[in-house]
Structures are given as structure tokens and as C-alpha cells.
Amino acid sequence: LESVRRDTSFTDVAGLKHLREWVAKRRSALTPEGRRFGLESPKGVLISGVQGCGKSLAARAVAGEWGVELARLDVGALYDKYVGESEKRLHKALELAEKLAPIVLWIDEIEKAFASAGASGDADAGLSQRLLATFLTWMQDREGDVFLAATSNNITILPPEMTRKGRFDEIFFVDLPSAEVRTALFTLHLKKRGRNAAEFDVAALAAASGGFSGAEIEQAIIAGLYTAFDRKQQLTTAILLEEIRGTQPLSVTRAEEIQAIREWAKSRAVPAD
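Residues numbered from 1 in each chain as written. Predicted model: local features only at pLDDT ≥ 70, side-chain atom pairs only at ≥ 80, totals over all residues. Heavy atoms only, no water.

### A closer look at the overall build of the protein chain
Condition: Secondary structure elements are defined from DSSP: runs of H or I of at least 4 residues count as helices, runs of E of at least 2 residues count as strands, and each element is numbered from the N terminus. Atoms counted for the radius of gyration: C-alpha only. Globule rule: 2.2 Å times the number of residues to the power 0.38. Only protein chains enter the accessibility calculation, which uses a 1.4 Å probe; a residue is then buried when its area is under 20% of its type maximum, exposed when over 50%, and partly exposed in between. What sets the accessible areas is the Shrake-Rupley method with a 1.4 Å probe; for residues, cover comes only from the shown protein chains. By the counting rule applied here, Lys and Arg register as positive and Asp and Glu as negative, while His and the ends of each chain are not counted. Lysine's charge is taken at NZ, arginine's at CZ, aspartate's at CG and glutamate's at CD.
When helices and strands are counted, the protein chain shows 13 helices and seven strands. Computed over its C-alpha atoms, the radius of gyration of the protein chain comes to 21 Å, within 12% of the 19 Å expected for a compact globule of 273 residues. If you line up the protein chain on its principal axes, its C-alpha atoms span 60 × 50 × 35 Å. Counting over 273 residues, the protein chain shows a buried share of 45%. Summing over all exposed atoms, the protein chain offers an accessible surface of approximately 14,000 Å²; the carbon and sulfur share of this is 51%. Averaging the positions of the 36 positive and the 38 negative side-chain charges in the protein chain gives two centres separated by 2 Å.

### A word on the pattern of salt bridges
Formally: Counted as salt bridges are all cases of a side-chain nitrogen of Lys or Arg within 4 Å of a carboxyl oxygen of Asp or Glu.
If you walk through the whole model with that rule in mind, you get 13 salt bridges. Measuring nitrogen to oxygen at the nearest pair gives 2.7 Å for the salt bridge that ties Glu242 to Arg231. One end of the pair, Glu242, is in helix H11 (residues 237-245); the other, Arg231, is in the loop between helix H10 (214-230) and H11, and eleven residues separate them in sequence. Residue class for Glu242 comes out partly exposed when judged on its relative accessible area of 40%.

### A word on the packing of aromatic side chains
Two aromatic rings, taken as a pair, are described by how far apart their centres are and by the angle between their planes. Quick note on the threshold: Pairing of aromatic side chains requires ring centres within 6.5 Å, counting the rings of Phe and Tyr and the six-membered ring of Trp. Pairs whose planes differ by under 30 degrees are stacked, by over 60 edge-to-face, and all others tilted.
Here the structure, examined in full by the defined rule, presents four aromatic pairs. The interplanar angle of 45° and the centroid separation of 6.3 Å between the aromatic rings of Trp22 and Phe147 together place this pair among those described as tilted. Residue Trp22 is found in helix H1 (residues 17-26), and its partner Phe147 is found in strand E5 (residues 146-152); the two are separated by 125 residues along the sequence. Summarising the aromatic geometry, the rings of Trp22 and Phe172 are spaced 5.8 Å apart at their centres and angled 75° between planes, so their arrangement reads as edge-to-face.

### Describing the nonpolar core
Note the following rule: Residues belong to a common nonpolar core when they are buried Ala, Val, Leu, Ile, Met, Phe, Trp, Tyr or Cys residues joined through side-chain atoms within 4.5 Å. It only takes one pair of heavy atoms within 4.5 Å for two residues to be counted as in contact.
One finds Leu19, Leu73, Val104, Ile110, Phe114, Phe135 and Met162 to be the most contacted residues of the largest nonpolar core, which totals 63 residues. When neighbours within four sequence positions are excluded, Leu19 is seen to be in contact with Phe10, Ile47, Ala58, Phe172 and Ala272. If you look at the next biggest cluster of nonpolar residues, it comprises 19 residues, including Ala14, Val181, Ala197 and Phe212.

### Considering the environment of Glu21
You can see Glu21 is positioned in helix H1. Each C-alpha atom, one on Glu21 and one on Ala272, is 9.6 Å from the other, the two residues being 251 residues apart in sequence.

### Here's the deal with the pairing of strand E6 (residues 170-174)
Selection rule: In this analysis, strands are considered paired if DSSP registers two or more bridges between them.
With respect to burial, E6 is a largely interior element, five of its five residues being buried. Alternating residues of E6 divide into Glu170, Phe172 and Val174 and Ile171 and Phe173, and every residue in both groups is buried. The pairing of E6 with strand E7 (residues 270-271) spans two bridges and is classified as parallel. From the neighbouring strand, Phe172 faces E7, where its bridge partner is Val270.

### Regarding the pairing of E5
Burial analysis of E5 places seven of its seven residues in the buried class, the great majority of the element. Taking every second residue as pointing to the same face, both faces of E5 are buried, with Val146, Leu148, Ala150 and Ser152 on one and Phe147, Ala149 and Thr151 on the other. Across five bridges, the pairing between strand E4 (residues 103-107) and E5 is parallel. Pairing of Trp106 across the sheet is with Ala149, part of E5.

### Quick notes on the environment of Lys25
Relative to the assigned elements, Lys25 resides in helix H1. Lys25 sits in the exposed class, given a relative accessible area of 62%. Between the C-alpha atom of Lys25 and that of Pro271, which follows or precedes it by 246 residues, the distance is 17 Å.

### Section: the packing of helix H8 (residues 179-192) against H10
Helices that pack against each other are described as a pair by the angle of their axes relative to one another and the distance between those axes. Quick reminder of the rule: To obtain an axis, a line is fitted to C-alpha atoms, over the contacting stretch when the element is a helix, and the angle between two such axes runs from 0 to 180 degrees between their N-to-C directions. Geometric relationships in this document are graded by angle, where less than 35 degrees denotes roughly parallel, more than 145 denotes roughly antiparallel, 65 to 115 denotes roughly perpendicular, and other angles denote oblique. Less than a right angle of anticlockwise turn of the near helix away from the far helix marks a crossing as left-handed, whereas a clockwise turn marks it as right-handed.
Two elements in contact, H8 and H10, have axes separated by 10 Å at closest approach and are oriented at 45°. If you check the angle between H8 and H10, you find them oblique. Handedness of the crossing formed by H8 with H10: right-handed. Together, Arg182, Leu185, Phe186, His189, Leu190 and Lys192 of H8 and Gly214, Ile217, Glu218 and Ile221 of H10 make up the contact between the two elements.

### As for the environment of Ala24
Note that Ala24 resides in helix H1. On the basis of relative accessible area, Ala24 is assigned to the partly exposed category, the value being 48%.

So this is what it looks like as C-alpha cells:
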């Protein structure tokens, strides 16, 4: 269990309107007034979607919005070669999280930890299945204010027991940003690097970057800064457009995979934006 600096809130995130509203509404459960009214502590949220679209940032932002501590559960570090040790480590980590409550427990790319538990179990002598069983029991029965914020790039490979109703309060899907959100992303990342967005044609940049993820937009700005510095001039819209046109986004290079994830989410998850 790794303590993470609580330095992110939804002011650092563009878009995700429905997720923001959901998180803001459930903050009331942490207040004395909400408790007296009968509000139950929220259990957690699973944020799935396209890579590079802000899932991890959004999961971390929950702690900043609520003003509670943030810890990351590194499931890969649980695995031990000795029989029974991995389960003990998981028990200890979850017990510690409960002692630190109220806290947001962040698990990044949860499918990498538990995907093999959906198989026969021969690959690791059933260890993944035992860890999954321990984790699911905790998810169902835990007490205290431990909010689980998990992210997944490919929710389809998770065991079905994990995604059924009751494990998480809600499953959100983060899609590629719309033109409006891309405009906000360019504004946000330019400001982050000391540039005045009003000096750039952000509408043209947003129009040129259709199919780009938030991470790809950020990288275009970083690459543009290198190009501008190398040319001994200031960063301009023209340089950024040049970088955008020279980039093949993930939505093009892995179009089939992204389309499959989108199809899955249509009827099974709530759009985050």
C-alpha cells in the first residue's frame, strides 16, 4: 500500500461531466449531516475506457475533491513464491486501508491483477483465483470509509464476478474527448506550461486533433515546445498543428480494439462525459 500525494482535483481534468457530478453528490456521505440523514458510504467506482483519456487522473482526483487521503494498492507486489503469503499480504494491505479511513484506495489497471483469475487457474496453481476471492469478499463486506477507485483499459477481460452490481457503485466509461473537451485540454495543458491559451487558435487545434486522447494532446504540446526551442522561436499554433499532423493517434493504429471497447460499454457502463 503506497501513499500518494493528494495533489489532483477535477480542476486538473477536462470533461467527464457525469463522473464529476456523481463524485460531488457522494461527498455528502462523508459529512455528519449526510450520516444523520441516512446516507451510506459509497463503496467505489470502476473507470474504464480508452487509454490515455484521464482514467487514472480522475481516480486520483476523487481524493482531492473529497479532501481525504489517497493510497495506491500495487497488486503486482502482492505475489509471493511461498504458499499463502500473497493472501496474507492482501489481507494486511486491506486492513491497513481500513485503519487509515477515510481514504480513497486507488488500483490502476485492475485487469492486470485479476484477469487470469477468470481462467482455469492452472497457470499459477489457483493463486489469482484465491486472491480474487479474498478481494471480492472484502469489497462486499468491508466497513468504514474506504472508497475503491479502480481503473481498467480493457474491462472485458475482468472476471464477471467483479463487475456485477454491488461490487462497485457504478461503472463509468471514458471515451475519446469531443471537440469541446479537446479545446479545454489544449487550454489546460498550455496554461500548465506557462502559455496563454488566448494567444493560440485552440478551436483549430481541437478540430485538427480529432481522435486524439488527452495524453496524445499533451504529447503534441510537449513535442511542439521542443520544436519551437530548437528553432529559437516561441510556441505557435502553426507548430502545434505541424506536430498534430505528424502523429498517428491510438484511435487509428488500434482502431479495432478501441471500437470493441466502445461497443462493450454502450449498454454496460455510464458515459463519464
